[in-house]
Amino acid sequence: QAKRLGHNHVQIYQDSMSLQLKASAVMRSSLQEAIERNQLTLHYQPIVRCSDSATVGYEALLRWEREPGKFVSPGEFIPLAEMTGQIIPLSEWVFRRACETAVRLQEAESTVKIAVNLSTLHFNRTEFAPFLAQTLAETGCKPEWLELELTESILMDNTDYAVEVLQKLREQKITIAIDDFGTGFSSLSYLKKLPVDKVKIDRSFVAGIRTHRADRVLIGSVIKIAQSLNFEVVAEGIETPQQAEFVSEMGCDYMQGYYFGRPVPFEEL
Ligand code: C2E
Ligand code: MG
Ligand code: MG
Ligand code: MG
């Protein structure tokens, strides 16, 4: 079969096979221990409003400190955890911790939200809505303090189910954002039929602002179309004042990136 499909397919097949082997052999047991040994932490990165640079929220980003000072990047272990199913206990831990943080922030600060990345598997394979309701109740976190970031794949895989669940969450005043927008296949007009409040433009487009006219045109167009469909727009990966200025001039609502702050532990916020 692989031979008929040609060289590229053989390559992809081998890559994904070795990835899976690595997943089961190395990661499985150690991921299990990560929670028990307290090796997981959440870091928080500010999201600011374009109009006045006020911080309106923080995105919770998972960190795995496998040895003191040595962090495994989520880009490395999250895809593996999604393959082995271990993402589910991991993701449950993330939500609990993020809700606790939201409560502490409300006590300390004011009206900022916590944005949490939602695992496709956690959403599709478990009763996510009851889990979240229980976590909110147990931590004392209000739904309006929480924002869910999901990728387009959640909506593509099982649309009717996803719409039904997201609709319920949104009725409870939880904000729904589409992450990494522009890297998947769905269009804004398609998203418009779904219960979504915000789109986060992927940072690969922002990275090209200075050098690629196409990226500037795309960002400008996405912002205008998204807003005309009543979505709010967040630009990800803002690293320079020029990028911040450009997306602000294009009418973007919110920005996030190293220019405003790297992800840091709660204590350093
Ligand atoms: P994401 O949700 O798109 O998160 C944004 C990523 O971009 C983060 O990487 C963040 O550190 C990074 N970033 C932020 N600003 C900048 C910038 O100005 N320049 C550059 N080059 N990068 C920037 P991180 O923390 O490594 O996370 C990678 C991905 O892992 C996330 O992408 C998200 O998809 C996933 N992830 C992280 N935490 C969780 C989690 O708790 N649960 C789930 N399911 N996925 C998570
Ligand atoms: Mg995200
Ligand atoms: Mg993103
Ligand atoms: Mg991403």
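Residues numbered from 1 in each chain as written. Chains lettered and ligands numbered in written order. Predicted model: local features only at pLDDT ≥ 70, side-chain atom pairs only at ≥ 80, totals over all residues. Heavy atoms only, no water.

Things to note about the coordination of the magnesium ion (ligand 2)
- The protein atoms donating to the magnesium ion (ligand 2) are Glu 59 (OE), Asn 117 (OD1), Glu 149 (OE) and Asp 179 (OD), with metal-donor distances spanning 2.0 to 2.2 Å.
- Read in sequence order, the donor residues for the magnesium ion (ligand 2) give the motif E-x57-N-x31-E-x29-D. (Donors = N, O, S within 2.8 Å, 3.2 Å for Na, K, Ca; no water.)

Regarding helix 11 (residues 213-228)
- Across its 16 residues, helix 11 extends 23 Å between first and last C-alpha, which sits within 8% of the 22 Å expected from 1.5 Å per residue.
- Taken as a whole, helix 11 has its buried residues at Asp 215, Ile 219, Gly 220, Val 222, Ile 223 and Ala 226. The arc that holds the buried residues of helix 11, viewed along the axis, is 160 degrees, so those residues lie on one side. Facing away from the buried surface of helix 11 by more than 90 degrees, the exposed residues are Arg 213, Lys 224 and Ser 228.
- On its buried face, helix 11 sits against strand 6 (175-181), helix 9 (188-191), strand 7 (198-201), helix 10 (203-207), strand 8 (232-235) and helix 12 (241-249).
- A positive backbone phi angle near 70 degrees is found at Asn 230, which sits one or two residues after helix 11. (Helix = DSSP H or I, 4+ residues; strand = E, 2+ residues; numbered from the N terminus. Expected span 1.5 Å × (residues − 1). Buried < 20%, exposed > 50% of the residue type's maximum accessible area, 1.4 Å probe, protein only. Arc of directions from axis to C-beta. Contact = heavy atoms within 4.5 Å.)

Brief notes about the site of ligand 1
- Residues in close proximity to ligand 1 total 21 residues, the closest being Arg 63, Asn 117, Asp 179, Glu 239 and Tyr 258.
- One nitrogen or oxygen atom from the side chain of Glu 59 is found 3.0 Å from an oxygen atom belonging to ligand 1.
- Note that an oxygen atom of ligand 1 is positioned 2.8 Å from one of the backbone N or O atoms of Tyr 258.
- With respect to the detected pockets, ligand 1 is housed in the largest pocket.
- Secondary structure elements with two or more residues in the shell around ligand 1: strand 2 (55-67), helix 3 (74-84) and strand 6.
- Looking at the shell around ligand 1, the element that brings in the most residues is strand 2, giving four residues.
- In terms of residue class, the shell around ligand 1 is built from eight nonpolar, five polar and eight charged. (Near = heavy atom within 4 Å. Polar contact = N/O pair within 3.5 Å; in protein donor to acceptor, adjacent residues only side chain to side chain. 1 Å grid on protein atoms, 1.4 Å probe; cavity = no way out; pocket = protein on both sides within 12 Å on 5 of 7 lines; lining within 4 Å. Sits in = over half its atoms within 2 Å of the grid points. Nonpolar A, V, L, I, M, F, W, Y, C, P; charged D, E, K, R; others polar.)

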